[in-house]
Amino acid sequence: MKLDHEVVRDLYPLYMENEISPAVKRAVDAHLSECEACRNTYQTGEGFFDHIKELEDTEVPKTVDDRVRLKIRLTRYKWITAVLIAVILTLLVSDYKSGREKLMLEFENYYRSQELLPVMFNIVKEREHSDLEYVGRAVNQLSVDMIALEEHFNFFEKHQLNNTEYNLSINTSNYNSMLEIMQFRFDQGMWSETDEEAYQATQQYLNELNQMSNRQYQKFKNGYSSYFEEFDVEEFDRFYKNINNLSDSYTRFHKLPEELQPIGEKELAKQVAHILDVHEKRWN
């Protein structure tokens, strides 16, 4: 059996894996003993990968048995599949890397926005500096930076975000109202124990946000290992839950969240009955 150059090159992977019949192997060996180019290909593998593209149009001689012909096709498809997988993986890795880089860049903006919030909150007790407008702008900017940050969350981070109560967002209306009420009560000498406790709690939450942000910032500054760091959604969610609950209870009831007790079923039924009775008397 005498084989030409193209067939010998096609048989290279089968020959190296010893998956051809003895007769075909002897024919390949005979060709290699005479052909320096094919011998070099078998010794180094050089030229085989460039040859894969040509395999699609290669006609395999009828002298090669069907099993070998099938092996050639299967090997061709294996190499093509491997190349496609490599390309897809490269694209996925590149996309993930780009997403992490954008996330880290946006977090740096967020980090800078929240950095001075604890200091700025002190304006509540500073009589000489009564303008709260720039404090409100800082809180609004924090919300804008978080929205930009969330756009680059990965699948796991987005799943966690969907399970948060406030979507990592401050109710800026309640927060700014809380500042205004606190400042007014302090300036007018109406400052009470509740005001002081709410003030201290807000300072505590803002300081905790600063500490959390600093830890996250350090994680994102560790070179290539930063690409494997996740944004701690659950930890940041605790801050937003605490600050929103506090601002809501303070502005609506002038109380701390823990001072608000849910109405029991009996009390609720009693109040509903009382309201309905009043309405009925009015109609009569």
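Model, not experiment: these values are computed from the prediction.

1. Description of a nonpolar patch on the surface
On the surface, Leu74, Tyr77, Ile80 and Leu84 cluster together to form a nonpolar patch covering roughly 360 Å² of accessible area. One can find leucine 74 in helix H6 (residues 66-114). When its relative accessible area of 41% is taken as the criterion, leucine 74 is described as partly exposed.

2. Some details on helix H10 (residues 172-187)
Relative to the 22 Å expected for 16 residues at 1.5 Å per residue, H10 spans 22 Å between its end C-alpha atoms, a close match to the ideal helical length. Looking at H10, one finds that the buried residues are Asn174, Tyr175, Met178, Leu179, Met182, Gln183, Arg185 and Phe186. Seen end-on, H10 carries its buried residues on one side only, within an arc spanning 165°. Contacts made by the buried residues of H10 are with helix H7 (117-121), helix H8 (133-150), helix H11 (193-219) and helix H12 (233-253). Two residues or fewer after H10 comes glycine 189, characterised by a positive phi angle close to 70°.

3. Side note on a negative patch on the surface
Side chains of Glu193, Glu197, Glu258 and Glu259 sit close together on the surface and give a patch of like negative charge. Turning to its location among the elements, glutamate 197 is positioned in helix H11. Glutamate 197 sits in the partly exposed class, given a relative accessible area of 32%.

4. A closer look at the environment of arginine 73
Along the chain, arginine 73 falls in helix H6. A C-alpha to C-alpha distance of 9.3 Å links arginine 73 and aspartate 10, two positions 63 residues apart in sequence.

5. Remarks on the packing of aromatic side chains
Across all of its chains, the model carries 13 aromatic pairs by this definition. Here phenylalanine 231 and phenylalanine 236 contribute two aromatic rings whose centre-to-centre distance is 4.7 Å and whose plane-to-plane angle is 25°, an arrangement assigned as stacked. Comparing phenylalanine 231 with phenylalanine 236, the two get one shared label, buried. Grouped by ring-pair contacts, the aromatic residues Phe107, Tyr110, Phe153, Phe220, Phe231 and Phe236 constitute a single cluster. We note lysine 125 situated over the ring of tyrosine 199; from NZ or CZ to the ring centre the distance is 4.2 Å.

6. Examining the packing of H8 against H10
Interhelical geometry of H8 versus H10 gives an angle of 155° and a closest axis separation of 10 Å. Between H8 and H10, the interaxial angle falls into the category roughly antiparallel. Seen along the crossing, H8 lies across H10 with a hand that is right-handed. Seen from H8, the contacting residues are Val135, Gly136, Val139, Asn140 and Ser143; seen from H10, they are Thr172, Tyr175, Asn176 and Leu179. Per-class residue counts for the contact of H8 with H10 are four nonpolar, five polar and no charged.

Rules used throughout
The numbering scheme is per chain: residues are counted from 1 as the chain's sequence reads. For a predicted model such as this one, the threshold for reporting local features is a pLDDT of at least 70, and the threshold for listing and counting side-chain atom pairs is 80 or more; totals across whole chains, interfaces and linings nevertheless cover every residue. Hydrogens and waters are ignored; side-chain quantities use all the structure's heavy atoms. Residues qualify for a patch when their relative accessible area is over 30% and they have no salt bridge, like charges being joined within 9 Å and the nonpolar side chains of Val, Leu, Ile, Met, Phe, Trp and Tyr within 5 Å. Here the accessible surface of atoms and residues is derived via Shrake-Rupley with a 1.4 Å probe, and residues count as covered only by protein chains that are part of the display. Every case where a carboxyl oxygen of Asp or Glu lies within 4 Å of a side-chain nitrogen of Lys or Arg is listed as a salt bridge. A run of H or I in DSSP becomes a helix once it reaches four residues, and a run of E becomes a strand once it reaches two; helices and strands are each numbered from the N terminus. Only protein chains enter the accessibility calculation, which uses a 1.4 Å probe; a residue is then buried when its area is under 20% of its type maximum, exposed when over 50%, and partly exposed in between. An expected span of 1.5 Å times one less than the residue number is assigned to each helix. Arc definition: it is the arc formed by the directions from the helix axis to the C-beta atoms. Here, two residues are considered to be in contact whenever any of their heavy atoms come within 4.5 Å of each other. His is not counted, nor are the chain ends; Lys and Arg add positive charge and Asp and Glu add negative charge. To locate a charge, take NZ of a lysine, CZ of an arginine, CG of an aspartate or CD of a glutamate. Each aromatic pair joins two rings of Phe, Tyr and Trp (for Trp, the six-membered one) with centres within 6.5 Å, and gets the label stacked for planes under 30 degrees apart, edge-to-face for over 60, and tilted for any other angle. We call a charge positioned above a ring when the Lys NZ or Arg CZ atom is no farther than 6 Å from the ring centre and deviates by at most 35 degrees from the ring normal. Here the axes come from fitting lines to C-alpha atoms, over the contacting stretch only for helices, and the angles between their N-to-C directions go from 0 to 180 degrees. For classification purposes, an angle smaller than 35 degrees is called roughly parallel, one larger than 145 roughly antiparallel, one from 65 to 115 roughly perpendicular, and anything else oblique. By definition, any crossing whose near helix is turned counterclockwise from its far helix by less than a right angle is left-handed, and any crossing with a clockwise turn is right-handed. Note on residue categories: nonpolar means Ala, Val, Leu, Ile, Met, Phe, Trp, Tyr, Cys or Pro, charged means Asp, Glu, Lys or Arg, and polar means any other residue, Gly included.

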